[in-house]
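These are the residues of each chain, in order.
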Amino acid sequence: MKRKNRLLKISALGVYSFLYLPLLIVVIYSFNDSKLNAEWVGFTWKWYDKLFNNREMLTAARNSLIIASASALIATLLGTLAGMTIHKYRLKLLPGLVIAPIAMPDILMGVSLLLFFIMLNMSLGLLSITLAHITFCIGFVALSVQARMSNIDRSLTEAARDLGATPWQCFRKITLPLLAPGIIAGALMAFTLSIDDFVITFFVAGVDSSTLPLQIYSMVKIAITPEVNAISTLLMLLTLILITLVAKLSPGALRS
Amino acid sequence: MHTSAWRKKLVSQKLLGLPPLAYLLIFFAVPTVIMLFASFRYAGDYGGLAPWYYYEQGSLSFDLTLENWQRLFETDIYLQLFLKSIAYAVLATLLCILLAYPLALMIARSPRRYRDLLLLLVILPFWSNFLVRIYAWMIIFSPSGALTHMLNSLLAIFGIAPISLMYSPTAVIVTLVYVHLPFMVLPLYANLEKHDPALLDAAQDLGASRWRRFWRITWPLSLPGVYAGSILVFIPVLGMFAIPELLGGTDGIMIANVIKQQFVESRDWPFGSVLSMVLTAAAVLVVLLGAKFGQQLGQSK
C-alpha cells in the first residue's frame, strides 16, 4: 500500500505541475525586459505600464466590467428564482433549459444568438453581449442556489409559518439569509464567467465593442507580446480572488 | 378555504420560475429553432440570409431549399472533418482520463481536511481565462520557446532534423487536454470519494494483489464517474474552434473552425447553420448515450 501511495502522489504532483507551470510561465514573462517570451533578460514593470496607456485595452476593460456587472446582476435574479423553483417542484422543462446552455458547445450558442439578434434587427454591441452572457450564467447561479437550498432545514420555515409569519416574511427572515452565501457565490461565478467568455462574445460582439478576451484574441493573432502576458496576469489575479471567495462562501457551488 | 389558500400559494410560487423559464426559452430555445430554420434558407447576396418569402403578383411564395443540406454530402470533406474532430475528442478524452485518474484518486485518499484545498487547486486554473490558458501553450510551443529548443537539441544528438511543435495536431491535442482536464477530475473525484475502503481491505485480506484490487474493485466502481467526466470533456472539445485556430495551423483544424469560417469569413450562414445543426445533433446524441450508459450501470448494481 505504501509504495502505491508514493507512486500515486508523484503522478498527482506531475499533473498539478502540468496544470500550473504554463500559467506560471505567463506570469514570469510578464516581468521580463524583452520583447520575446524566450530568455530572461531582467525585471521590468514596463509591460504593465504600456497596458495602462493602451487606450483600446482600457476601453475593452471598461466594456468587460459593464457587461459582467449587468449580466451577473440579472443572471443572479433569474438564476435564484430558477434554483428555488427547481428545488421545490418536480419540474420538467426548466431544469433541462437551465443545464442545456452549459452542456452544449459554446460555438452553437454564439452562432444561434447571432442569427437571432440579426433577425430582430438588433445592432450588435454591449446589449447583445450582455443578453448572451445572462443566458449561460443563469445555469451556474441556479445550480449554486439549488445546492444551498437542499442544505436548508425545512422545519425552520415550517416553524416560522406555524408561528404566523406570512410567506413573504418567512422568505425575508428565514430563507433569504440562509440562502445568501449560495446566491453571492452564484453572482461571483456569473461575474467571472462573463469577464472570461470569449467564444460566445466573439460572435455577438459586432465590430465596435471589444471586451478583454476579444482584445487579447486580436493581439495574440498578430504576435505574441509581453503586453498580453501582463493583461493575462492581471486577469488571473482577478479570477483568483473571485473564485477563492466563492470557495469560501459555498464550497459545493464550484463542484457542480 | 384552507385548500384553496394552499393552492394559491402553490400557484404563486411556481410562477416564480416563469421569468427564468421565459428568458431561457427566448434566448436559448428560440435561437436554436431559428438556426434550424436558417439551414433551409438561401444565403443573401452580400452574405447573411436572403428573405424566405416574397410577394409576386399578389400571392405569397416561399423561398426555402434543401441545397445546403445536399452540399454537406456532395464532397466527403465535411464528413472527414467531423470524423477527425471526433477522433481528436476521443483522444483528448482518453488522455484526460489517464491524467485525471491518479490525481482524483490521490485527492480521494488523502486526509479529509486537505481534500477541499487539493480540489480547489484543480479548479483554479480552470477558472482562469480560457484564452490565457491557450496563450500559455502558444508561448511553450513557440519556435523560440524553451520546450522546442530543448527537444531539438535532444533530437540533434541523434542526428534528427529540428521539428516545429507550433501549428501541429500535437499542439492542439495537448492544449485540448490542458483546458478540459478539470472537467474530468471533478466527477471522478466525486465518485472515488464515496468508495468504501472496507472493500479494498477485504480484498487485501483475501490475498488480492494491488493491481487486482484496482482493476476488480476501484475501476469498475468508478465507471459512472469516468462516463460523466468523458461527456463533460468530449462535448466541448468536439465544438472547439479557438484552440485549433490559434495552435493548429492548416493540419489541425476541426469542424468548429469551418462553422466559424462560414459565419465570419465567407458569410454563408445557411451552410454554417447546417454544420451547426449536425454538431448539435452529435452533442445531444452523446448526452443521451451517456445517460443510457449511466442508467445501465445503475441498474446492474
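Residues numbered from 1 in each chain as written. Chains lettered and ligands numbered in written order. Predicted model: local features only at pLDDT ≥ 70, side-chain atom pairs only at ≥ 80, totals over all residues.

## Let's talk about the overall build of chain B
Thinking step 1. Within chain B, the regular secondary structure consists of 13 helices and two strands.
Thinking step 2. Taken over C-alpha atoms, the radius of gyration comes to 25 Å for chain B, far larger than the 19 Å a tight globule of 301 residues would show.
Thinking step 3. With respect to the principal axes defined by its C-alpha atoms, chain B has extents near 90 × 85 × 35 Å.
Thinking step 4. Across chain B, contacts joining residues at least 24 apart in sequence account for 70% of those joining residues at least 6 apart. (Helix = DSSP H or I, 4+ residues; strand = E, 2+ residues; numbered from the N terminus. Rg over C-alpha atoms; globule rule 2.2 N^0.38 Å. Contact = placed C-beta atoms within 7 Å.)

## A look at the interface of chain A and chain B
Where interface size is quoted, it is often the accessible area lost as the parts come together.
Thinking step 1. Taken together, the contacts link 71 residues of chain A with 71 residues of chain B.
Thinking step 2. Among the elements that take part in the side of chain A that touches chain B, helix α1 (residues 2–29) of chain A stands out by supplying 14 residues, more than any other.
Thinking step 3. Its residues assigned to classes, the side of chain A that touches chain B comprises 56 nonpolar, nine polar and six charged. (Nonpolar A, V, L, I, M, F, W, Y, C, P; charged D, E, K, R; others polar.)

## Regarding unusual backbone geometry
Residues and elements named next belong to chain B.
Thinking step 1. One non-glycine residue, tyrosine 167, adopts positive backbone phi at about 55 degrees.
Thinking step 2. Residue placement: tyrosine 167 occurs in the loop between α7 (146–157) and α8 (169–192).
Thinking step 3. Residue classification places tyrosine 167 among the partly exposed positions, given that 18 C-beta atoms sit within 10 Å.
Thinking step 4. Positioned with a positive phi, arginine 267 is a non-glycine residue whose angle comes to about 50 degrees.
Thinking step 5. Assignment of secondary structure puts arginine 267 in the loop between α12 (255–264) and α13 (269–300). (Buried ≥ 20, exposed ≤ 12 C-beta atoms within 10 Å, placed from the backbone.)

## A word on the environment of B:Gly290
Residue and element names in this part refer to chain B.
Thinking step 1. Residue position: glycine 290 is located in helix α13.
Thinking step 2. Separated by 59 residues in the primary sequence, glycine 290 and isoleucine 231 have C-alpha atoms spaced 6.8 Å apart.
Thinking step 3. Look past the residues within four positions of glycine 290 in its chain and what remains in contact with it is Tyr227 and Ile231.

## Structural notes on the environment of B:Thr93
Residues and elements named next belong to chain B.
Thinking step 1. Secondary-structure assignment places threonine 93 in helix α4 (residues 77–109).
Thinking step 2. The class of threonine 93 is buried, set by 25 C-beta atoms lying within 10 Å.
Thinking step 3. For the pair formed by threonine 93 and valine 33, sequence separation is 60 residues and the distance between their alpha carbons is 30 Å.
Thinking step 4. Beyond its immediate sequence surroundings of up to four residues, threonine 93 is in contact with Ser230, Val233 and Phe234.

## Quick look at the pairing of strand β1 (residues 53–56) of chain B
For a regular strand, side-chain orientation follows a simple rule: the groups alternate between the two sheet faces.
All names here are of chain B.
Thinking step 1. Judged from the four bridges that link them, β1 and strand β2 (residues 59–62) form a sheet pairing that is antiparallel. Its bridge partner being in β2, glutamate 56 is matched across the sheet by serine 59.
Thinking step 2. Where β1 hands over to β2, the hairpin turn is made up of two residues, of which glutamine 57 adopts a positive phi near 50 degrees. (Pairing = 2+ DSSP bridges.)

## What about the packing of helix α3 (residues 55–88) of chain A against helix α6 (residues 126–149) of chain A?
Residue and element names in this part refer to chain A.
Thinking step 1. The interhelical angle for the contact between α3 and α6, taken along N-to-C directions, is 40 degrees, at an axis separation of 5 Å. On the basis of their axis angle, the class for α3 and α6 is oblique. α6 is crossed by α3, and the crossing has right-handed handedness.
Thinking step 2. Residues belonging to the contact of α3 with α6 are distributed by class as follows: 19 nonpolar, ten polar and no charged. (Axes fitted to C-alpha atoms, helices over the stretch in contact; angles between N-to-C directions. Parallel < 35°, antiparallel > 145°, perpendicular 65-115°, else oblique. Left-handed = near helix turned anticlockwise from the far one by under 90°.)

## Topic: the confidence of the model for chain B
Thinking step 1. In this model, chain B carries a mean pLDDT of 86, and residues with pLDDT of at least 70 account for 94%.
Thinking step 2. Two numbers describe this predicted complex: its pTM, 0.88, and its ipTM, 0.87. (pLDDT = per-residue confidence, 0-100.)

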